[in-house]
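# Examining the three-dimensional arrangement
Next come the chains, spelled out residue by residue.
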Amino acid sequence: YDDASLAALSIGSGALTPAFDPRITSYTATTSNATNTVTATGADGVTVAIKVNGTTITSGSSATWNTGSNTLKCINHQRSFHKNGKDSVLSKAV
């Protein structure tokens, strides 16, 4: 990858729609609080900050979902003179 892409994104055992692709930045998923582990992995040299409804969580940690629609935002940063971070946003219905 030559930008600040994600290498992987998952929410527990829930399926992302569309299927994960580092070029896609918007997904939906339906799950329950029993399936609430959020994992985001950056491409080489990329760090990822995860926010669920504005609250920062650690990749691989459980998220607390609100009833109804939730927003998960992955903020990707690559430390390079010529690279810029980009956001991947996941709107998740519980």
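Structural notes, computed from the coordinates. Small disclaimer: the values here were computed from a predicted structure and weren't measured.

## Considering the overall build of the chain
Scanning the chain for helices and strands turns up zero helices and eight strands. Element order for the chain, N to C, with α for helix and β for strand: β-β-β-β-β-β-β-β. Buried positions account for 33% of the 94 residues belonging to the chain. Here the contacts in the chain between residues at least 6 apart in sequence split such that 57% fall between residues at least 24 apart.

## Side note on the pattern of salt bridges
The full count for this structure, using the stated rule, is one salt bridge. The partner of D21 in a salt bridge is R23, and the shortest N-O contact between them spans 2.6 Å. Among the residues examined, D21 registers a relative accessible area of 18% and is labelled buried.

## Section: the nonpolar core
As a rule of thumb, nonpolar side chains are buried together in soluble globular proteins. In this structure, L9, V38, I50, V52, W65, L72 and C74 are the most contacted members of the largest nonpolar core, which totals 15 residues. Of all the secondary-structure elements, those providing two or more residues to this core are β1 (6-11), β2 (26-30), β3 (37-42), β4 (46-52) and β7 (69-78). Residue contributions to this core peak at three residues, all from β1. Setting aside residues no more than four positions away along its own chain, V38 makes contact with S10, I50, I57, T58, S59, G60, S61, A63, W65 and L72.

## A few points about the sheet that holds β3
Spatially, β1-β3-β6 is the arrangement adopted by the three strands of the open sheet, whose pairing is antiparallel. This sheet does not close on itself; its edge strands, each paired only once, are β1 and β6 (61-62). Strand direction decides the pairing type here: β3 and β6, joined by two bridges, are antiparallel. Residue pairing for β6: T37 is matched across the bridge by S62.

## A word on the pairing of β4
Two elements, β4 and strand β5 (residues 55-57), share three bridges in a ladder whose sense is antiparallel. Each bridged residue has a counterpart across the sheet, and for I50 the counterpart in β5 is I57.

## Quick look at the environment of R23
Relative to the helices and strands, R23 resides in the loop between β1 and β2. C-alpha separation for the pair R23 and L6, spaced 17 residues apart in sequence, amounts to 8.5 Å. In this structure the side chain of R23 is engaged in a polar contact, spanning 2.6 Å, whose partner is the side chain of D21.

## Description of unusual backbone geometry
Here the amide bond leading from T17 into P18 is cis, since omega sits at -5°, within 30 degrees of zero. Along the chain, the position of P18 falls in the loop between β1 and β2. For N53, which is not a glycine, the phi torsion comes out positive at approximately 50°. Among the structural elements, N53 can be located in the loop between β4 and β5.

Each value, and the rule that gives it
- Residues numbered from 1 in each chain as written.
- Predicted model: local features only at pLDDT ≥ 70, side-chain atom pairs only at ≥ 80, totals over all residues.
- Heavy atoms only, no water.
- Helix = DSSP H or I, 4+ residues; strand = E, 2+ residues; numbered from the N terminus.
- Buried < 20%, exposed > 50% of the residue type's maximum accessible area, 1.4 Å probe, protein only.
- Contact = heavy atoms within 4.5 Å.
- Salt bridge = Lys/Arg side-chain N within 4 Å of Asp/Glu carboxyl O.
- Core = buried A, V, L, I, M, F, W, Y, C linked by side-chain atoms within 4.5 Å.
- Pairing = 2+ DSSP bridges.
- Polar contact = N/O pair within 3.5 Å; in protein donor to acceptor, adjacent residues only side chain to side chain.

These figures capture arrangement, not role.
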